[in-house]
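Given next are the chains, with one letter for each unit.
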Amino acid sequence: MKNENLKSLITCTGEDYGIDLSAEQVSRSISYILLLRRWNRRISLTSVRDDAELVRYHLFEGFLAEKKIPFPVKRIADIGSGAGFPGIPMHILNPGRETILIEKNLKKATFLSAVLRELSLPGEVINTFSEQTDTWNRVDLATVRALKLSDQTLDNLFGAGVHLLILEGETSQLSGKPWKIILEEKNPFSDNRFIRIFQPDVSRETIRKE
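Student: Just give me the short version of the nonpolar core, but keep the residues and values in it.
Tutor: Ile 10, Leu 21, Tyr 32, Phe 60, Phe 63, Phe 111 and Leu 165 are the most contacted members of the largest nonpolar core, which has 46 residues in total. In this structure Phe 60 touches Ile 10, Thr 13, Gly 14, Tyr 17, Ile 19, Leu 21 and Val 55, once residues within four positions along its chain are discounted. Counting residues in each nonpolar core, the second largest holds 19 residues, with Ala 77, Ala 142, Val 144 and Ile 166 among its members.

Student: An account of the sheet that holds strand β2 (residues 98-102) is needed here, citing residue identities and associated values.
Tutor: The mixed open sheet is built from seven strands, whose spatial order is β3-β2-β1-β4-β5-β7-β6. The open sheet has two edge strands with one neighbour each: β3 (124-126) and β6 (179-186). For this sheet, the mean inter-axis angle between neighbouring strands, taken without regard to orientation, is 20°. Across five bridges, the pairing between strand β1 (residues 75-79) and β2 is parallel. Paired with Ile 79 across the two strands is Ile 102, which belongs to β2. Across the sheet, helix α5 (residues 106-118) lies against β2 and β3, angled at about 180° from β3, the strand it touches most. Along the sheet, helix α6 (residues 151-160) makes contact with β1, β4 (141-145), β5 (163-168), β6 and β7 (194-200), crossing β6 at roughly 105°.

Student: Explain the layout of surface pockets to me, and be specific about the residues and the numbers.
Tutor: In this structure, the largest pocket occupies an estimated 480 Å³ of space. Forming the walls of the largest pocket are 25 residues, and the residues nearest its centre are Gly 80, Gly 82, Glu 103, Ala 146 and Leu 147. For the lining of the largest pocket, a count of residues per class yields nine nonpolar, ten polar and six charged.

Student: How would you summarise the pairing of β2 if you had to cite specific residues and measurements?
Tutor: For β2, the tally of buried residues reaches four of five residues, placing the bulk of the element in the interior. Examined bridge by bridge, β2 and β3 share three bridges and lie parallel to one another. In the strand pairing of β3, Leu 101 is matched with Val 125. For the crossover from β2 across α5 to β3, the handedness is right-handed.

Criteria and thresholds
- Residues numbered from 1 in each chain as written.
- Predicted model: local features only at pLDDT ≥ 70, side-chain atom pairs only at ≥ 80, totals over all residues.
- Heavy atoms only, no water.
- Core = buried A, V, L, I, M, F, W, Y, C linked by side-chain atoms within 4.5 Å.
- Buried < 20%, exposed > 50% of the residue type's maximum accessible area, 1.4 Å probe, protein only.
- Contact = heavy atoms within 4.5 Å.
- Pairing = 2+ DSSP bridges.
- Helix = DSSP H or I, 4+ residues; strand = E, 2+ residues; numbered from the N terminus.
- Axes fitted to C-alpha atoms, helices over the stretch in contact; angles between N-to-C directions.
- 1 Å grid on protein atoms, 1.4 Å probe; cavity = no way out; pocket = protein on both sides within 12 Å on 5 of 7 lines; lining within 4 Å.
- Points joined across faces, edges and corners; volume = space filled by probe spheres on them.
- Nonpolar A, V, L, I, M, F, W, Y, C, P; charged D, E, K, R; others polar.
- Right-handed = clockwise from strand over helix to strand, strands pointing away.

In structure tokens, the structure reads:
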């Protein structure tokens, strides 16, 4: 897809979602998609090859998640960032925020560094397992998409009091765990995609341990 067609696709999708992007945000979004497409020929970042699907269900799902955050967030960490969803789209909408992208795969981590550099977005890429990072005490919100979090990572997030934003299906991976949903919204263009934001439920954790 040519750049002008990609620009039109992003603009039209923004109208569908009710998200008004600035010229700079559109430009960065185009650059991101082009980078993703180019790197995807060399390393496996996403199985999605259709630009319309990539924009509507990946890029704008991240934009929507950013718009739905109900409290101020100074620092965010995207767990298992991979191709950069939702961390990069959220960072495009809020470039002034400190963003940390956590990715265990070296090639994918290298891609994420290239995205931050070429989009002129400040941020940090940590090439490690989420269980091994010690970054949680300086993070307000952690995000995750298409990844099941380990019990160790959840325990570390809980202990640090970090809020958690998950883009997932109808059944939450935190169901039955000591986390309280403070926001749950359906993606308006998907039958089974939800944005959920959780906070540690200290009262339930106390009961569980007793």
